[in-house]
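Here is what each chain is made of, one letter per residue.
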There are 4 protein chains.
Amino acid sequence: MAQNAIKKVVLAYSGGLDTSVILRWLQEQYDCEVVTFTADIGQGEELAPARAKAEAAGVKEIYIDDLREEFVRDFVFPMFRANAIYEGEYLLGTSIARPLIAKRLVEIAIETGADAISHGATGKGNDQVRFELGAYALKPDIQIVAPWREWDLLSREKLLAYAEAHGIPVEMKREGTKSPYSMDANLLHISYEGYDLEDPWCEPGADMWRWSVAPEDAPDRPTYIELTFAQGDCVAIDGQSMSPAALLAELNRIGGANGIGRADIVENRYVGMKSRGCYETPGGTLLLKAHRAMESLTLDREAAHQKDALMPRYAELVYNGYWFSPERQMLQAAIDQTQAVVNGVVRLKLYKGNVLVVGRKSESDSLFDASIATFEEDAGAYDQGDATGFIRLNALRLRVAGNRRPYRRG
Amino acid sequence: MAQNAIKKVVLAYSGGLDTSVILRWLQEQYDCEVVTFTADIGQGEELAPARAKAEAAGVKEIYIDDLREEFVRDFVFPMFRANAIYEGEYLLGTSIARPLIAKRLVEIAIETGADAISHGATGKGNDQVRFELGAYALKPDIQIVAPWREWDLLSREKLLAYAEAHGIPVEMKREGTKSPYSMDANLLHISYEGYDLEDPWCEPGADMWRWSVAPEDAPDRPTYIELTFAQGDCVAIDGQSMSPAALLAELNRIGGANGIGRADIVENRYVGMKSRGCYETPGGTLLLKAHRAMESLTLDREAAHQKDALMPRYAELVYNGYWFSPERQMLQAAIDQTQAVVNGVVRLKLYKGNVLVVGRKSESDSLFDASIATFEEDAGAYDQGDATGFIRLNALRLRVAGNRRPYRRG
Amino acid sequence: MAQNAIKKVVLAYSGGLDTSVILRWLQEQYDCEVVTFTADIGQGEELAPARAKAEAAGVKEIYIDDLREEFVRDFVFPMFRANAIYEGEYLLGTSIARPLIAKRLVEIAIETGADAISHGATGKGNDQVRFELGAYALKPDIQIVAPWREWDLLSREKLLAYAEAHGIPVEMKREGTKSPYSMDANLLHISYEGYDLEDPWCEPGADMWRWSVAPEDAPDRPTYIELTFAQGDCVAIDGQSMSPAALLAELNRIGGANGIGRADIVENRYVGMKSRGCYETPGGTLLLKAHRAMESLTLDREAAHQKDALMPRYAELVYNGYWFSPERQMLQAAIDQTQAVVNGVVRLKLYKGNVLVVGRKSESDSLFDASIATFEEDAGAYDQGDATGFIRLNALRLRVAGNRRPYRRG
Amino acid sequence: MAQNAIKKVVLAYSGGLDTSVILRWLQEQYDCEVVTFTADIGQGEELAPARAKAEAAGVKEIYIDDLREEFVRDFVFPMFRANAIYEGEYLLGTSIARPLIAKRLVEIAIETGADAISHGATGKGNDQVRFELGAYALKPDIQIVAPWREWDLLSREKLLAYAEAHGIPVEMKREGTKSPYSMDANLLHISYEGYDLEDPWCEPGADMWRWSVAPEDAPDRPTYIELTFAQGDCVAIDGQSMSPAALLAELNRIGGANGIGRADIVENRYVGMKSRGCYETPGGTLLLKAHRAMESLTLDREAAHQKDALMPRYAELVYNGYWFSPERQMLQAAIDQTQAVVNGVVRLKLYKGNVLVVGRKSESDSLFDASIATFEEDAGAYDQGDATGFIRLNALRLRVAGNRRPYRRG
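Keep in mind that what you see is a predicted model, and the values were worked out from it rather than measured. (Residues numbered from 1 in each chain as written. Chains lettered and ligands numbered in written order. Predicted model: local features only at pLDDT ≥ 70, side-chain atom pairs only at ≥ 80, totals over all residues. Heavy atoms only, no water.)

Draft legend 1. Seen up close, the overall build of chain A. Summing up its helical and strand segments, chain A has 14 helices and 14 strands in all. Judged by the C-alpha coordinates and their principal axes, chain A covers about 85 × 55 × 45 Å. When each of the 410 residues of chain A is scored for burial, the buried share is 66%. Long-range pairs, those at least 24 residues apart, make up 73% of the contacts in chain A between residues at least 6 apart in sequence. Put simply, chain A shows about 13,800 Å² of open surface, and 49% of that area lies on carbon and sulfur atoms. (Helix = DSSP H or I, 4+ residues; strand = E, 2+ residues; numbered from the N terminus. Buried < 20%, exposed > 50% of the residue type's maximum accessible area, 1.4 Å probe, protein only. Contact = heavy atoms within 4.5 Å. Areas by Shrake-Rupley, 256 points an atom, 1.4 Å probe, with all protein chains shown as cover.)

Draft legend 2. Looking closely at the interface of chain B and chain A. At the interface, 115 residues of chain B touch 116 residues of chain A. Buried surface at the junction of chain B and chain A, both sides included, amounts to about 10,500 Å², of which 55% is carbon and sulfur. On inspection of chain B and its partner chain A, the count reaches 10 salt bridges. For B:Glu203, the salt bridge identified is with A:Arg347, shortest N-O distance 3.6 Å. For the pair chain B and chain A, the interface holds 46 residue pairs in polar contact (both at pLDDT 80 or more). Per element, the largest residue contribution to the side of chain B that touches chain A is 14 residues, and it comes from helix α14 (residues 386-404) of chain B. (Buried area = accessible area lost by both parts, 1.4 Å probe. Salt bridge = Lys/Arg side-chain N within 4 Å of Asp/Glu carboxyl O. Polar contact = N/O pair within 3.5 Å; in protein donor to acceptor, adjacent residues only side chain to side chain.)

Draft legend 3. Molecular detail of the interface of chain C and chain B. On the side of chain B, 27 residues touch chain C, which itself brings 27 residues to the contact. Summed over both partners, the interface of chain C with chain B buries about 2,500 Å², with 56% contributed by carbon and sulfur atoms. Contact with chain B buries surface across chain C, with C:Leu393, C:Arg397 and C:Arg404 losing the most and accounting together for 23% of the total. Applying the counting criterion to the chain C and chain B interface returns 4 salt bridges. Among the ionic pairs, C:Arg397 bridges to B:Asp300, the shortest N-O distance being 2.8 Å. Here chain C and chain B share 10 residue pairs in polar contact (both at pLDDT 80 or more) between them. When residues of the side of chain C that touches chain B are traced back to their parent elements, those giving at least two are α11 (301-320) and α14 (386-404) of chain C.

Draft legend 4. Region of interest: helix α12 (residues 326-338) of chain B. For α12(B), spanning 13 residues, the distance from its first C-alpha to its last is 19 Å, which sits close to the expected 18 Å at 1.5 Å a residue. Among the 13 residues that make up α12(B), 10 are buried, leaving the element largely enclosed by the rest of the structure. Contacts made by the buried residues of α12(B) are with α14 (386-404) of chain A, α3 (68-81) and α11 (301-320) of chain B together with α11 (301-320) and α12 (326-338) of chain D. (Expected span 1.5 Å × (residues − 1).)

Draft legend 5. Quick look at the UniProt feature "binding site: ATP" (unreviewed entry) in chain A. Residue and element names in this part refer to chain A. In the UniProt entry, the feature "binding site: ATP" (unreviewed entry) is given for Ala-12, Tyr-13, Ser-14, Gly-15, Gly-16, Leu-17, Asp-18, Thr-19, Ser-20, Ala-39 and Gly-120. As for its placement among the helices and strands, Ala-12 is situated in strand β1 (residues 8-12). Contact partners of Ala-12, with chain neighbours within four places excluded, come to Thr-19, Phe-37, Ile-101, Leu-105 and Ser-118. Inspection of the secondary structure puts Gly-15 in the loop between β1 and α1 (17-30). With residues near it in sequence (within four places) discarded, Gly-15 still touches Ser-20 and Lys-53. (UniProt positions renumbered as here; feature names shortened; annotations may be inferred.)

Draft legend 6. Summary view of the relation of the copies chain B and chain A. Of the transformation superimposing chain B on chain A, the axial component is 0.0 Å and the angular component is 180 degrees, with the fit at an RMSD of 0.0 Å. In the structure described here, the two chain copies are related by an operation that fits a two-fold rotation axis. Counting the interface residues of chain B, we find that 100% of their copies in chain A are interface residues as well, pointing to one common contact surface. (Least-squares fit on C-alpha atoms with pLDDT ≥ 70 in both.)

Draft legend 7. Spatial organisation of the relation of the copies chain C and chain B. Placing chain C over chain B gives an RMSD of 0.0 Å and needs a rotation angle of 180 degrees, together with 0.0 Å of translation along the axis. A share of 100% of the interface residues of chain C reappears at the interface of chain B, consistent with the copies meeting face to face through the same patch.

Draft legend 8. Quick look at the packing of helix α5 (residues 127-138) of chain C against α11(C). Residues and elements named next belong to chain C. Where α5 contacts α11, the two axes come as close as 8 Å, and the packing angle between them is 90 degrees. Regarding the angle of α5 to α11, the classification is roughly perpendicular. Contacts from Val-129, Arg-130 and Leu-133 of α5 reach α11 at Val-318, Tyr-319 and Asn-320. Each residue belonging to the contact of α5 with α11 can be placed in one class, and the counts come to 4 nonpolar, 1 polar and 1 charged. (Axes fitted to C-alpha atoms, helices over the stretch in contact; angles between N-to-C directions. Parallel < 35°, antiparallel > 145°, perpendicular 65-115°, else oblique. Nonpolar A, V, L, I, M, F, W, Y, C, P; charged D, E, K, R; others polar.)

Draft legend 9. Fine view of the packing of aromatic side chains. Inspection of the entire model under this criterion finds 54 aromatic pairs over all chains. When the ring of A:Trp148 is compared with that of A:Trp151, the centres are 5.3 Å apart and the planes differ by 70 degrees; the resulting orientation is edge-to-face. Here A:Trp148 and A:Trp151 have matching classes, each one buried. Through successive ring pairs, a cluster of aromatic residues spans A:Tyr270, A:Tyr322, B:Phe390, C:Phe390, D:Tyr270 and D:Tyr322. Lying over the aromatic face of B:Trp323, B:Arg328 brings its terminal NZ or CZ to 3.6 Å of the ring centre. The aromatic ring of A:Trp201 is capped on one face by B:Lys361, whose charged end is 4.2 Å from the ring centroid. (Phe/Tyr/Trp six-rings, centres within 6.5 Å; stacked < 30°, edge-to-face > 60°. Lys NZ or Arg CZ within 6 Å of the ring centre and 35° of its normal.)

Draft legend 10. Quick look at the domain arrangement of chain A. Residue and element names in this part refer to chain A. Partitioning chain A into domains gives domain 1 (3-67 + 94-165) and domain 2 (182-299 + 342-361). Relative placement of domain 1 and domain 2: their C-alpha centres are 29 Å apart. Residue-level contacts link 12 residues of domain 1 with 13 residues of domain 2. Surface buried jointly by domain 1 and domain 2 totals about 940 Å² across both partners, of which 52% is contributed by carbon and sulfur atoms. (Domains from an automatic or database assignment.)

Draft legend 11. The arrangement of α12(D) in detail. Buried within α12(D) we find D:Glu327, D:Arg328, D:Gln329, D:Met330, D:Leu331, D:Gln332, D:Ala333, D:Ala334, D:Ile335 and D:Thr338. Close packing links the buried residues of α12(D) with α11 and α12 of chain B, α14 of chain C together with α3 (68-81) and α11 of chain D.

Draft legend 12. Representation of the packing of helix α4 (residues 98-112) of chain B against helix α5 (residues 127-138) of chain B within the structure. Residue and element names in this part refer to chain B. With their axes 8 Å apart at the nearest point, α4 and α5 run at an angle of 45 degrees to one another. Put simply, α4 runs oblique to α5. When you trace α4 past α5, the crossing you get is right-handed. On α5, the residues that touch Arg-98, Ile-101, Ala-102, Lys-103 and Val-106 of α4 are Asp-127, Arg-130, Phe-131, Gly-134, Ala-135 and Leu-138. When its residues are assigned to classes, the contact of α4 with α5 shows 6 nonpolar, 1 polar and 4 charged. (Left-handed = near helix turned anticlockwise from the far one by under 90°.)

Draft legend 13. The arrangement of the sheet that holds strand β6 (residues 182-185) of chain C in detail. Residues and elements named next belong to chain C. Strand order in this open sheet of 4 strands is β6-β7-β12-β11, and the pairing throughout is antiparallel. Each edge of the open sheet is held by one strand with a lone partner, namely β6 and β11 (262-268). For this sheet, the mean angle separating the axes of adjacent strands, direction not counted, is 25 degrees. Note that strand β7 (residues 190-193) and strand β12 (residues 274-280) share 4 bridges and pair antiparallel. Its bridge partner lying in β12, Glu-193 is registered against Gly-277. (Pairing = 2+ DSSP bridges.)

Draft legend 14. Structural detail: the UniProt feature "binding site: L-citrulline" (unreviewed entry) in chain A. Residue and element names in this part refer to chain A. As recorded in UniProt, the feature "binding site: L-citrulline" (unreviewed entry) lies at Tyr-90, Ser-95, Asn-126, Arg-130, Ser-182, Ser-191, Glu-267 and Tyr-279. Structurally, Asn-126 is set in the loop between β4 (116-118) and α5 (127-138). What makes Asn-126 buried here is its relative accessible area of 7%. Residues contacting Asn-126, with those up to four places away along its chain left out, are Glu-267, Arg-269, Tyr-270, Val-271 and Tyr-319. Along the chain, the position of Glu-267 falls in strand β11 (residues 262-268).

Draft legend 15. Seen up close, the side chain of A:Asn320. Looking at the element boundaries, A:Asn320 is found in helix α11 (residues 301-320). Setting aside chain neighbours within four positions, we find A:Asn320 in contact with A:Val129, A:Arg130, A:Leu133 and A:Tyr270.

Draft legend 16. Structural view of the environment of C:Asp336. Residues and elements named next belong to chain C. Note on placement: Asp-336 falls in helix α12 (residues 326-338). Classification of Asp-336 as partly exposed rests on a relative accessible area of 29%. Along the primary structure Asp-336 and Gly-232 are separated by 104 residues, whereas in three dimensions their C-alpha atoms are 8.2 Å apart. There is a polar contact of 3.1 Å between the side chain of Asp-336 and the side chain of Arg-81.

Draft legend 17. Here's a closer look at the pattern of salt bridges. This model, assessed by the stated rule, comprises 136 salt bridges over all chains. The partner of B:Asp264 in a salt bridge is A:Arg360, and the shortest N-O contact between them spans 3.1 Å. With B:Asp264 in strand β11 (residues 262-268) and A:Arg360 in strand β14 (residues 354-361), this pair bridges two chains. Residues B:Asp264 and A:Arg360 agree in their burial class; the two are buried. Ionic pairing is found between C:Arg104 and C:Glu111, a salt bridge with its closest N-O pair at 3.9 Å.

Draft legend 18. A look at the pairing of strand β7 (residues 190-193) of chain A. All names here are of chain A. Burial along β7 is two-sided: Ile-190 and Tyr-192 and Ser-191 and Glu-193, pointing in opposite directions, are all buried. Inspection of the sheet shows strand β6 (residues 182-185) paired to β7 by 4 bridges, in the antiparallel sense. Following the sheet pairing, Ser-182 is matched in β7 by Glu-193. Between the antiparallel neighbours β6 and β7 lie 4 residues.

Structure representation (structure tokens):
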């Protein structure tokens, strides 16, 4: 598995400063042909400029793909079936997009006969791991060039100097929009890192957030929506069916308008450090809450508990970049097996950052049986006397132990 | 372990209609002496009337205990060290109070030479299980009388008729306050069940909630608070140290005033049915969020992940009534072992139902190292080249497998 | 779900004393028609007498089924894919047969229009739970009669007296074979309980064991066998393909002849008590060892570890009788998902009670790559330098923590 | 955390060819002083020659420590409380010794003012990880030199050439004893890797094994021993108390004489490859079996099951080198919390490779209650009628689901 000379490399290319420098650096450093790949995964940026820039840089094979439906259908939705949350707070918005990029990089490498791929993720982050584990899993002999781990352009100043020296146009886009944060966006979320967030005691300014209004600025009246689920996936809003990507975009719009989905967390990176990040995940926040509510009505107790027990591991696998791994597939099989019955409608009340479940129903699959649970007389649906034996046998081992040795405070 | 004749029974007694009827029914049915036990666990009701009523019913041994500090210190706080949430939503407010009641019932039985205990929990719910498993664990030879599983007074009408027939004064307290719901309260929460909640599609009316204002009615300006943690427990608000019970009461006040801590869920009872409940847990909601944030800064990644993996089981044990069990103690030992370093301060922003973490710091135990995580040059704190080997060895098994058999979509 | 009058009941009927008494008792007690069901699951007893006895007792609908292939194919094999062991020692020989019996009882009830089923399991054991949970899951409105929990014939003397009084022929079969133990057998194992085993310090006599020779009496020369696996199931012995039941029978013969598969354990019953049991599982012991070896060569590390993590829960579910449950199906889906690649051959050496794996190979699916693992030079298959980064990043969190607070002995 | 110039390095030194070459190579390559550290952890080799050789090589600070008691008491015994087995087969004999060596290397570095440590583990194995993770955890600023990852002496021929060129005496010890295998030994086990084991289909020759007789050559009569446990640790053999190291040595002697403890496995290394190893763990095999049997009598069911659920993770942590980690300490706290009651005696029958538990007793802590479990009448110790309610409530969720949707074969 040693590295060989690289003749052609597929670069994950946004057209921004970093990947423009990388494109040139690859041409220079490896004296190789570069294929650019630019994906629309809902990050909300125009892709057209990427083509023009790539052409200007002498790229002959340019891929620009709209992956939004595949992203939501094959990555976001399966993950939400698991109710995945990393470390109790993070909805994995960045993590879940990386394997899709890795997959396309590899597919394009095969199509174009490239022997390597390259990306602009730094050597300190999780994204390099996610890109590369994905690529290695799908094409074990692929070579990977990670410029940030190789070169010495380790600050913005050096990068700008390199761009200037090589005639790379710097549009100052980022500078123009004045954001001092490192950001990443796709249909599921937008994230912010760096700058004043590097002090975990510092509250970020109100102007950092881009996808949602502040709760304070959200409407003074609540919004109600009804989400329809079919086999664990959300398929309609207020009765209107939509494709996965359209649905998530609409949930982002609704959630964002109501100030929903902001998070400010310190997380543990796979590469060993703690980092602070802020996230906006408006649609995902609605989806998670509604999916759990749908499951609460339709899923068996022990299946639900088993899902909860597996979830942290599942989330860890997604976070760490093991989407294309036997262990993620194995857990997915378990999760998906439970979702056939997760059908119905959940009603949500949205108000200034709050998401409240106010109703859930399922004609086909509700396991809620009011005749059993009722506080009123139940006409024999449930024999209260059964509880005596239930308790006594569950207590038996505790009683035997208690006879042997009195309870010790733990 | 067969039942014998009962001579004296300790009754968990609130002074309300149900337990007043039970008191009389025990005297009649078992021809035995009844000891009453009434606890203040922060339910917010006067206890004095309970004494008068018990005396009027001929009770000679009357226990009225203020258990608030013990409740929070020995039950609520250990549980919050685990970040326990049942089924993704429920903060276990009722569950955690029951073992304490069981413990005092048993202690009083020993003090008074009683051979049995009794409680007013129905045969359909979890509370009977929690009371009885706790009591059996602590005193295996205790006898337990659960009138709701024995008698035929299975509706409010029959209960009222019995009360009237036996001269039991019915204060119509519940009726007076007009609540049609079955409620339970303690320092951690108040819960609502029954009535229109028995239809899981029905949104409860605004007048059901008692401990918190609606988010809509909360102040228009955010409230900021700083919570200090020592070894995993919250010990001060805005720098002011408080006893556990005082602190939780104050958090309830602050949270409730800001519309925080409402939940509306369908949950799976241990006795096998789904039920719908609404909860207000203002202080607990703040505690959980802040504790997680404190851990995010001070806890090692793998210890945190292991805690997350164990948490669903821990929550299940508390929910099901296994507080006084070897398995809960075992998990508690693991959890507590991690908390020595959970020290510092978390800053929260509260606004109309939202709890946002906006800062966290720990002079003694922060593992956040900005010099490693920074996007700027790090003066050698982290060698980006290390990531190459890290990724390549983590990918090795995936590459070997990929060589053997191309990835199969899962 | 209240009980109604029973008109027809399907009885799991062996023709022995216990179930013969039950048959009569059902006729008397419930004044109902009894359908008998006798299954061949490899217990090694003639079934013909059961028919004659049932006819003599006036039974009109008599079912005698050979379930051996279904038993091994649909129950034993799926369980062995999980490497299931209960409490580190027990191969679940009795547990796995019960759901099949429950399934057939329910099917026959549906076919014959019976409204109830009945079985001869006592109220102290696990088998009642396994029968009844299975039946309730498959036919929620089935009624169940468990005579041992209802009648007062709680000793052998009373049973014999009842038989004599009712003209039930007592063949003294058990007495004739002199076994004082309570035994259960099927194609997977034979078990022994009771009598001198009730003292867990007492070693059972050599004449208790029935299916295997003592290691001391096994051949002085080792036996070598090769087991072929296809998708996780054993399909051939020494290259000879066999049906599931034929294969397990042959493994029993080979294992038993070599003194393999005895176990003497104290186990925790689901109903809350500890009990002592001895087991002979000759073929199953070979299967488990070989299956693990086959997986060791073909299964990905993390999938294997995830299987190991889930196994205790899976085994507990089977032991407790939750075969027909959503949670067992969910885990099975995860397990089965991994088995597509578990193909190849394992070579075992059997010698006087020992099972030693001495070889494993898989042309299609081996992940063992000698060119990587070799102690000799590997021609670049593995870059030892990668380990430095791997270790350094894995150590990063430990180093940061170590800087903060020196290691504390745990 | 960048590397600095190394002035003094502590080398884990056996006196064999490899570490002798490393010693010289360190002196040459780093121009630094070398401190040698040689430990007796029961590997069964004389340590005196190591001193003479180190002196001859110009080493001034020579550490030779007898760590056997510390090894068994603080590492082996805690691990056996967990019943740790890696991947179903491996008793972790090598893994558990490495953190102790790492700990002493760091302690000696602190004592001698060294700024680095070094070891002779290769870049392909687990041991480098175990040494280095341990050292980094205990002293984050330690520098580590791993010659096998740095130099180009990657074959035995090159090593011998280097030795000859530098006048390093080659004793041909290994060669003299004719073993072509790579071996590692300590009080817990001896391991074999490489040579013909690199073909996983190849059965190793009878002369490979060193610590145990073949089962075929073991005595024709069984040996019975009784092991006494106190708080989960074995403290006496046949009633004779021994120190931890003496006890394990004696168990090795007894087990080895009876052909016990051989294993031949394919395992998954942490660095990503599968490797084949053979192991002899005679005493450990006895310990594990006996400890489980002691727990079966004294440990609560759910605590035991929780231990089983955590075990695979615990074993993985030990295997991967995370002994000195928060997560291992956390799990250890849970495990140790359960062991206070694991007291009593287990009786084993050893015969030609077999270990059979034939008795277990505990005067103080047995939870086995024959009066409950008995097949005879139990005088009211257990009410069989309780089982009805127990089963019916456990079945409730299955019945509700079954009513909603008939069972689907999974």
